[in-house]
Amino acid sequence: MASLERNNRILLDLVQQPGNNVCADCGVPGLHRNLPAVSRMKSIRLDLWEDSVVEFMKERGNSEAKAIFEKCIPDFYYRPQQKDCVVLKDQWIRAKYERREFTGESTIYQHAYSLDMFEATLWKKGKDNKQFLKRIFQLSRKDFTLKYFTKEDSKVPKAVISMKDLNAVFQPEKIAHAHGLQISYLQEERTRNLFVYHENGQVIVSLFNAIRATRLAYLQKKHPTLRTSELLPKITRHCLKEGYMEKTGPTHREPFKRRWFTLCSMNRKLLYFKTPLDATELGAVFIGTESHSYSVSESSCRSSRGGRWHCGITLQTPGRQFVFMCEVEQERREWLEAFTKIITQPMTPEDYANEANMRRGK
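Residues numbered from 1 in each chain as written. Predicted model: local features only at pLDDT ≥ 70, side-chain atom pairs only at ≥ 80, totals over all residues. Heavy atoms only, no water.

Caption draft 1: Structural detail: the packing of aromatic side chains. All told, the structure shown has 20 aromatic pairs when counted by the stated rule. With 5.7 Å between their ring centres and 75 degrees between their planes, Phe144 and Tyr218 make a pair best called edge-to-face. Of the two residues, Phe144 sits in the loop between β2 (132–140) and β3 (145–149) while Tyr218 sits in helix α7 (residues 201–222), which places them 74 residues apart along the sequence. A residue is classified by how much of its surface remains accessible, and Tyr218, at 14% relative accessible area, is buried. Relative to Tyr294, the ring of Phe286 lies with its centre 6.3 Å away and its plane at 70 degrees, an arrangement referred to as edge-to-face. The same class applies to Phe286 and to Tyr294, which are both buried. These aromatic residues form a ring-pair network of at least three members: Phe261, Tyr272, Phe322, Phe324, Trp335 and Phe339. A cation over an aromatic ring shows up here: Arg99 above the ring of Tyr109, its NZ or CZ 5.9 Å from the ring centre. Sitting over the face of the ring of Tyr272, Lys247 holds its NZ or CZ atom 4.8 Å from the ring centroid. (Phe/Tyr/Trp six-rings, centres within 6.5 Å; stacked < 30°, edge-to-face > 60°. Helix = DSSP H or I, 4+ residues; strand = E, 2+ residues; numbered from the N terminus. Buried < 20%, exposed > 50% of the residue type's maximum accessible area, 1.4 Å probe, protein only. Lys NZ or Arg CZ within 6 Å of the ring centre and 35° of its normal.)

Rendered as C-alpha cells:
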C-alpha cells in the first residue's frame with residue numbers, strides 16, 4: 001500500500017511538470033488505445049503502476065521522449081494538431097515509434113519523401129460523377145509537378161499540375177473515407193479539385209508529406225531570400241471556413257440558391273460550388289481590406305425569393321454587394337468572424353496582383 005501511494009504521488013507530480021499535462025503526440029491520448037503495438041494506456045488514478053515503470057517515467061517524461069523520437073523531423077513534415085483527422089495522428093505516432101523515422105538511426109524514410117519521383121496509385125473521384133477509379137499519380141521534384149495517368153501504360157498524363165498553386169488537405173468527412181485527401185490547384189484561373197484516397201493510411205500520409213516536401217523545395221527556389229520558417233505556412237493550408245450558404249445574384253432580384261462556400265485566408269478568396277465534391281468552382285470573390293472598400297455586416301433582410309434561411313450577411317466589395325443567408329445564427333457568427341479576420345489582415349504585394357487579375361478576368 002505504501003508503494004502504491006508513493007507511486008501515485010510521484011505520478012501526479014509528474015503530470016504537473018511542463019510537457020506532461022497533454023499527450024506528447026497529438027493532445028488526444030485516447031488514440032493510443034488503438035495502437036497496442038506502439039503504446040500502453042494506463043490511468044494514473046485507476047491502474048496499478050509497477051515501481052520500474054514509475055522510475056522509467058521519472059527519467060523519461062514527454063520532453064525527454066521528444067528529444068529522442070523527434071530528434072530529426074524534416075521541416076516539411078506535418079505535425080498533426082488536436083483538431084486534425086485520425087489518419088494524420090495515427091501515422092504520426094507510427095512514424096515516431098514503430099518506424100522510428102525521426103531518431104536519426106536511419107534516413108530511408110526521410111529520403112523517400114524527397115525522391116525525384118514519388119509514385120502512388122490512388123482512388124480518384126470522377127470529375128462529373130461520384131465514381132472513384134484507380135489512377136496513377138507521379139510527383140516530380142525535378143520539374144515541380146504532380147501528374148496523374150488513367151492507365152498504367154499511359155504515355156501521356158491526364159493532367160499536369162504545377163506546384164505553383166497546389167494545395168493538399170485531408171477531408172475525410174467530405175470524401176466519406178477516413179483517408180480522403182483533397183488536392184486543389186488553379187486551372188485556367190479557376191480552382192480545380194481532385195478528391196482521392198488510398199486504403200493504406202501510410203501511403204496517403206506519405207504522399208501528403210512528399211507533396212509538402214516538393215512544395216517547400218519549389219518555394220525555396222522561387223523565394224531564395226526568405227527563411228524556411230516564413231515559407232512553411234505557405235506549403236499547404238486549411239481553409240478558414242467551409243459550409244453551405246444561400247446566395248442571390250448581382251441584382252438581388254434573383255432567387256436564392258444553396259451553394260457550398262470555401263474561404264481561404266492565404267489567397268483571400270471566397271469560392272463557391274454547387275456541392276462540396278464539385279471539381280470546379282462556380283465563382284470566386286476576392287476579399288481585400290477595409291481601406292480598399294471591403295466590409296462585412298449582418299443583413300436584416302429576409303430571403304423571400306426561394307430561400308429557406310434567414311440569417312443574412314452582406315459582403316461589400318468595390319464592384320458589388322453580395323448577400324448571403326445562413327441556416328442558423330451560429331453559422332452566421334462564424335462566417336462573420338472569418339470574413340472579418342481576412343478584411344483586417346493586411347494585403348501583400350501578391351494579394352494586390354491576385355485582386356488585379358481577378359478584376360481583369362471579369
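Next comes the rest of the account.
Caption draft 2: Molecular detail of the pairing of strand β13 (residues 311–316). Counting buried positions along β13 gives five out of six residues, so the element sits mostly inside the fold. As defined by bridge partners, strand β12 (residues 295–299) adjoins β13 across five bridges and the pair is classed as antiparallel. The residue of β13 that forms the bridge with Val296 is Leu315. Pairing analysis gives six bridges linking β13 to strand β14 (residues 321–326), with the strands arranged antiparallel. Looking across to β14, one finds that Thr314 is bridged to Val323. Taking the residues between adjacent antiparallel strands as the criterion, β13 and β14 are bridged by four residues. (Pairing = 2+ DSSP bridges.)

Caption draft 3: Inspection of helix α3 (residues 62–69) at higher detail. Taken together, the buried positions of α3 are Asn62, Ala65 and Phe69. Taken around the axis of α3, the buried residues stretch over an arc of 60 degrees, which confines them to a single face. Those residues of α3 that are buried are in contact with α4 (86–98). (Arc of directions from axis to C-beta. Contact = heavy atoms within 4.5 Å.)

Caption draft 4: Just the environment of Arg135, in detail. Of note, Arg135 is situated in strand β2. When residues no more than four places from it in sequence are discounted, the contact partners of Arg135 are Ala120, Thr121, Leu122, Lys124, Tyr148, Phe149 and Thr150.

Caption draft 5: Examining the side chain of Ser184 more closely. Mapping Ser184 onto the fold places it in strand β6 (residues 181–187). Within the structure, Ser184 has its side chain in polar contact with the side chain of Gln182 (distance 3.3 Å). With residues up to four places along the chain from it excluded, the contact list for Ser184 reads Asp165, Leu166, Asn167, Thr191, Arg192 and Asn193. (Polar contact = N/O pair within 3.5 Å; in protein donor to acceptor, adjacent residues only side chain to side chain.)

Caption draft 6: Focus on the packing of α4 against α7. Taken N-terminus to C-terminus, the directions of α4 and α7 make an angle of 90 degrees; their axes are 10 Å apart at the nearest point. In terms of their interaxial angle, α4 and α7 are classed as roughly perpendicular. For the pair formed by α4 and α7, the contact residues are Val87, Leu88 and Gln91 on the first element and Gly201, Gln202, Ile204, Val205 and Phe208 on the second. Its residues assigned to classes, the contact of α4 with α7 comprises five nonpolar, three polar and no charged. (Axes fitted to C-alpha atoms, helices over the stretch in contact; angles between N-to-C directions. Parallel < 35°, antiparallel > 145°, perpendicular 65-115°, else oblique. Nonpolar A, V, L, I, M, F, W, Y, C, P; charged D, E, K, R; others polar.)

Caption draft 7: Representation of the sheet that holds strand β5 (residues 167–170) in the model. What the seven strands build is an open sheet, ordered β4-β3-β2-β1-β7-β6-β5; its pairing is antiparallel. Single-partner strands in this sheet number two, and they are β4 (159–162) and β5. Averaged over all pairs of adjacent strands, the angle between their axes in this sheet comes to 35 degrees, without regard to strand direction. Of the strand pairs in this sheet, β6 and strand β7 (residues 190–197) are connected by seven bridges, and their pairing is antiparallel. Paired with Ser184 across the strands is Asn193, a residue of β7.

Caption draft 8: Broad picture of the pattern of salt bridges. For the structure on display, the rule yields 15 salt bridges. We note a salt bridge from Glu101 to Arg99, for which the minimum N-O separation is 2.8 Å. Across the pair, exposure class does not vary: Glu101 and Arg99 are buried alike. Several salt bridges share partner residues, and in doing so they unite Glu298, Glu329, Arg332 and Arg333 into one network. (Salt bridge = Lys/Arg side-chain N within 4 Å of Asp/Glu carboxyl O.)

Caption draft 9: How the structure looks around the side chain of Glu281. Looking at where Glu281 falls in the secondary structure, it is placed in the loop between β10 (269–273) and β11 (283–286). There is no salt bridge for the buried Glu281, and the closest opposite charge comes from Arg190, which lies 4.7 Å off by N-O distance. Looking at Glu281, its side chain comes within polar contact range of the main-chain nitrogen of Thr191, at 2.9 Å. Setting aside anything within four residues of it in sequence, one finds Glu281 in contact with Arg190, Thr191, Leu271, Tyr272 and Phe273. (Lys, Arg positive; Asp, Glu negative; His and termini not counted.)

Honestly, it's all geometry; don't read function into it.
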